[in-house]
Every structure is written in C-alpha cells, then in structure tokens.
Amino acid sequence: MKKADVFEFYRRLAEANPHPETELESGNAYQLLVAVVLSAQATDAGVNTATRALFDRVKTPEQMVALGLDALKQHIRTIGLFNTKAKNVIALSEALVADHGSAVPDDRAALERLPGVGRKTANVVLNVAFGAETFAVDTHIFRVGNRTGLARGKTPLAVENALDKATPQPFRVHAHHWLILHGRYVCKARKPECWRCIVADLCAFKPKTPAPRTPPPATP
DNA sequence: ATCCCGAGGG
DNA sequence: CCCTCTGGAT
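Note that this is a predicted model, so its numbers are computed, not measured.

### What to know about unusual backbone geometry
Now for step 1: Between Gln-169 and the following residue, Pro-170, the backbone shows a cis peptide bond with an omega angle of 5°.
Now for step 2: Summarising the element assignment, Pro-170 is placed in the loop between helix H10 (156-166) and helix H11 (175-185).
Now for step 3: A positive phi angle, near 55°, is found at Gln-41, a position not held by glycine.
Now for step 4: Along the chain, Gln-41 turns up in the loop between helix H2 (29-38) and helix H3 (44-57).

Quick look at the structure:
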C-alpha cells in the first residue's frame, strides 16, 4: 500500500474510533497480563466472563498462588486450553513474586521469560500497560495486514516488522487496537463486511459477493 | 509440525 | 458439522 494510502487508512480508523481500548477487562497490570495469557485462541468475551469472578478474588500474584492450581482451573474451565493456561498462570505468578517483587516487568526479555508469555503477549502488555509502540500480531492483525495490503508477511513476526516500518506517527501507539477492532467487527475472517468498510477503497481485497439486499442496521 | 481445548457462529 | 477466536511450548 502506498504511503499516502496508509496514512489515510489509519486516519479514517482513528476518526471513527478516537480512543480505542482493549476489550479485555482488568483492574491492574497483573490482571491484564493474566487476561492476555488466557486470551490465546479464545474470545475476549469468553475470557471476561471467566475473569470477572476470578479477578474479584485475585488481584495480585500472591493471591493467585494462594488460590492454587485446581481452583484456578475451575474459574477458567470455560476457556479453551484451560489446563495449560492454568499451569502457566500459577507458574508465572510464582515467578513474579520470586524475581520481580510481584510487579509486571516493563521489558520484553523479562516478559518473554515468564511461562506462557511469548512475543505476541509481551507486545500486548508493553502496549496496553506501558504505552509502548508495539504491534502485537494476532490472528486478526495477521489477516487484516495481509488482506488489505497494509503490511504483508508469511509469519506474524514478518507482519509485525512490516507494520513497524509502514505505520507513521501519530498512529503508532493505537495502531494495534484499530487493526484488531477492524478485524473483529468488519474485516472478519469468514465474511468480511466490505460493503460497510470505511477503508474499502484503499484495500487490495475485492469481494466477489456483493452487499446483502437487506443489510443489518448500522451499529451505533 | 503438532499439541493443548472450550464456546459461539454459520 | 466446520471454522474461528488478541498463542505458546515442545
């Protein structure tokens, strides 16, 4: 995508949603970290349903360790991959207490050393909790980047690097959320809703199926 | 490359 | 039924 089109692409998304935020619910950086770990291959809505009760009781890594593995599994049973995730969250909480004074570290290397935390999760925490200009490439951003031509790559890391190169100020801090929300609600995996997409004219993807005769009323 | 693994949508 | 959802570890 041309530079001018990239700027216009972000400008429109920014205009439509001036203050994008995570849809994951959390009350502090620790809870955010846990929520992001739980969100792997799961919907935000599903994670929120589970963490609502959990975070009411657990606000610190010490409290998570005290809660214990089996009780944690009960809380997150409705989320996919719950067995592995529960184990990682307990181990990660123990590591925070032992090595980081119970605080969430603000550097990538320390974050990625935590069990269950890879590059994508670290990028989300760095962006949301610390305001870093990181591009966490999840399934949505990978799809939107490649489909639109904004930032293409065969791997998530390649798309991340392409986004880093292509994304100008003042859009860098919020680019992650604009792209993910665009992917979740408009540029969907199965049925992208191009007829109501505000950047369709800048996009490389041209749908074969036209807009429905009776489109659903626009969401407020 | 494969495993982990549940809910919701089409 | 099959696909998708803010992946990570082996």
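### Details of the UniProt feature "binding site: [4Fe-4S] cluster" (unreviewed entry) in chain A
Now for step 1: The sites that carry the UniProt feature "binding site: [4Fe-4S] cluster" (unreviewed entry) are, in the present numbering, Cys-187, Cys-194, Cys-197 and Cys-203. With the annotated positions falling across 17 residues, the maximum pairwise C-alpha distance of 10.7 Å places them together in a single cluster.
Now for step 2: Look at Cys-194 and you get buried, because its relative accessible area is 19%.
Now for step 3: Not counting residues up to four positions away in its chain, the partners in contact with Cys-194 are Ala-200, Phe-205 and Pro-207.
Now for step 4: By secondary structure assignment, the location of Cys-197 is in the segment after H11.
Now for step 5: By relative accessible area, Cys-197 is classed as buried at 18%.
Now for step 6: Look past the residues within four positions of Cys-197 in its chain and what remains in contact with it is His-182 and Val-186.

### Describing the protein's contact with DNA strand C
Now for step 1: The immediate surroundings of DNA strand C are formed by 27 residues, with Asp-44, Thr-121, His-140, Arg-143 and Arg-190 found nearest.
Now for step 2: In the model, a phosphate oxygen of DNA strand C is placed 3.2 Å from a nitrogen or oxygen of the Arg-184 side chain.
Now for step 3: Where the surface near DNA strand C is concerned, the elements lending two or more residues are helix H8 (119-130), helix H9 (139-148) and H11.
Now for step 4: Tallied by class, residues from the surface near DNA strand C come to 9 nonpolar, 11 polar and 7 charged.

### Here we look at the environment of Leu-67
Now for step 1: With respect to the element layout, Leu-67 can be found in helix H4 (residues 61-67).
Now for step 2: With a relative accessible area of 17%, Leu-67 lands in the buried category.
Now for step 3: Each C-alpha atom, one on Leu-67 and one on Arg-57, is 8.8 Å from the other, the two residues being 10 residues apart in sequence.
Now for step 4: If we skip the residues at most four places from it in the chain, Leu-67 touches Leu-54, Arg-57, Val-58, Leu-72 and His-75.

### Notes on the protein's contact with DNA strand B
Now for step 1: All residues in the neighbourhood of DNA strand B are listed as Gln-41, Arg-77, Thr-78, Ile-79, Gly-80, Leu-81, Phe-82, Asn-83 and Arg-190.
Now for step 2: Within 4 Å of the protein, atoms of DNA strand B come from sugar and phosphate in 50% of cases.
Now for step 3: Leu-81 has a polar backbone atom sitting 3.0 Å from a sugar or linking oxygen of DNA strand B.
Now for step 4: Asn-83 is positioned with one of its side-chain polar atoms (N or O) 2.9 Å from a phosphate oxygen of DNA strand B.

Cut-offs applied
Residues numbered from 1 in each chain as written. Chains lettered and ligands numbered in written order. Predicted model: local features only at pLDDT ≥ 70, side-chain atom pairs only at ≥ 80, totals over all residues. Heavy atoms only, no water. Helix = DSSP H or I, 4+ residues; strand = E, 2+ residues; numbered from the N terminus. UniProt positions renumbered as here; feature names shortened; annotations may be inferred. Buried < 20%, exposed > 50% of the residue type's maximum accessible area, 1.4 Å probe, protein only. Contact = heavy atoms within 4.5 Å. Near = heavy atom within 4 Å. Polar contact = N/O pair within 3.5 Å; in protein donor to acceptor, adjacent residues only side chain to side chain. Nonpolar A, V, L, I, M, F, W, Y, C, P; charged D, E, K, R; others polar.

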